[in-house]
Amino acid sequence: MSRFAAEIVARLSARDGATLAPIREDLVRRLLLAVRSVDRAPFEALKPDLRRARVSRVALAELYIPEVARRLGQGWHEDSCTFAEVTIGTARLQAILRDIAMSWSADEHGLQDGPTVLVLLPPGEQHTLGGMVAVAKLRRMGVSVCLRIGSGPAELRELFVKRAFDAIMISIAHAEMLEVCRKLVKTLKEMTGGRVPVAVGGALFLEGVVAAAVPEADIVTNDIETALQAFGLGGSRLRAQPGRA
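Residues numbered from 1 in each chain as written. Predicted model: local features only at pLDDT ≥ 70, side-chain atom pairs only at ≥ 80, totals over all residues. Heavy atoms only, no water.

A. Representation of the nonpolar core. If you look at the biggest cluster of nonpolar residues, it comprises 28 residues, and the most contacted ones within it are Tyr64, Ile65 and Leu97. Of all the elements in the fold, those that place two or more residues in this core are helix H2 (25–36), helix H3 (41–52), helix H4 (57–77), helix H5 (83–101) and helix H6 (129–140). The leading source of residues in this core is H4, at seven residues. In this structure tyrosine 64 touches Pro22, Ile23, Arg24, Leu27, Val28, Leu31, Val55 and Ala59, once residues within four positions along its chain are discounted. (Core = buried A, V, L, I, M, F, W, Y, C linked by side-chain atoms within 4.5 Å. Buried < 20%, exposed > 50% of the residue type's maximum accessible area, 1.4 Å probe, protein only. Helix = DSSP H or I, 4+ residues; strand = E, 2+ residues; numbered from the N terminus. Contact = heavy atoms within 4.5 Å.)

B. Structural view of unusual backbone geometry. At arginine 54, a position not held by glycine, the phi torsion is positive, near 55°. Residue arginine 54 is classed as exposed on the basis of its relative accessible area, which comes to 52%. Its identity as a non-glycine residue notwithstanding, aspartate 79 has a phi of 60°, on the positive side. The residue aspartate 79 is located in the loop between H4 and H5 in this model.

C. Looking closely at the pattern of salt bridges. Tallied over the entire structure, the rule returns 15 salt bridges. A salt bridge links arginine 36 to glutamate 85; the shortest N-O distance between them is 3.2 Å. Here arginine 36 is found in helix H2, whereas its partner glutamate 85 is found in helix H5, with 49 residues between them in sequence. Here arginine 70 and glutamate 67 are joined by a salt bridge, their closest N and O atoms 2.8 Å apart. Note that arginine 70 and glutamate 67 are positioned in helix H4 at a spacing of three residues, about one turn of the helix. Residues joined by salt bridges that share partners form a network here, namely Glu25, Arg29, Glu67, Arg70 and Arg71. (Salt bridge = Lys/Arg side-chain N within 4 Å of Asp/Glu carboxyl O.)

D. Here's a closer look at the packing of aromatic side chains. Scanning all chains against the criterion turns up one aromatic pair. Here the aromatic rings of phenylalanine 160 and phenylalanine 165 are separated by 6.1 Å at their centres, their planes lie at 80°, and the arrangement is edge-to-face. Comparing phenylalanine 160 with phenylalanine 165 shows no difference in burial state: the two are buried. (Phe/Tyr/Trp six-rings, centres within 6.5 Å; stacked < 30°, edge-to-face > 60°.)

E. Just the packing of H4 against H5, in detail. Orientation of H4 relative to H5, taken along the N-to-C sense of each, is 170°, at an axis distance of 10 Å. With respect to their mutual orientation, H4 and H5 come out roughly antiparallel. Residues Arg57, Leu60, Ala61, Ile65, Val68, Ala69, Leu72 and Trp76 of H4 touch H5, and the partners they reach there are Phe83, Glu85, Val86, Gly89, Thr90, Leu93, Ile96, Leu97 and Ile100. Of the residues contributing to the contact of H4 with H5, the split by class is 13 nonpolar, two polar and two charged. (Axes fitted to C-alpha atoms, helices over the stretch in contact; angles between N-to-C directions. Parallel < 35°, antiparallel > 145°, perpendicular 65-115°, else oblique. Nonpolar A, V, L, I, M, F, W, Y, C, P; charged D, E, K, R; others polar.)

F. Quick look at the confidence of the model for the protein. Averaged over every residue, the pLDDT of the protein is 80; the share at 70 or more is 80%. Per-element confidence in the protein ranges from a low mean pLDDT of 48 for helix H1 (residues 2–11) to a high of 95 for strand S3 (residues 167–171). Here residues 5–19 is a poorly scored stretch, pLDDT under 50, and it has 49 contacts once near neighbours within four places are set aside; other chains count. For the stretch residues 106–111, pLDDT sits under 50, and the model shows 18 contacts to residues farther than four places along the chain or on other chains. (pLDDT = per-residue confidence, 0-100.)

See the structure below:
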């Protein structure tokens, strides 16, 4: 799969930046079928069409991959996708995303003069793709990102001793994670003395769950730009990184 991911990124002819272009339903459907298939043929057939459609890496990472992931989840709930198809499909989407984001300051330090954000997926949160999409977008914007998955209090406390962060972002996907998220936000506030703002987002908040569900957070939103602006980390502090396809 990693070889295909590298090929699909290398052959896309459009440059980054076209995230506002309308998403094409035919390409979404074909990408969904391709990631669910055990055969490489759908992938091979899709590559030239993505190239001709001038789908940028930004659009692929921030529009197409999240939409296909959403439909995989919907298919699971509606029993139109098997567990194997969802598992394989998600892994393939993550592999494509990793290769796309490699040129977007993929190291944990990023720009020396930019903001630094800690992205957390709480213990028990098994759906990591949404967090990876957020990390990729932040790095593209010039934000230094540290990603931690399932970290407990001791690990986080040690991390805060070693590193300073301008903000913390938490991603959750299901309602059963709400209480875990609330406790995590309280723990983070205690550890940082309330000096580091905390944002909460994720797939859960696409389902009509209101922001008041996590009152401990400084902001609940799925819009990364909105969160950064609310924390005073937008504007001149950011420097987007357009890569070449």
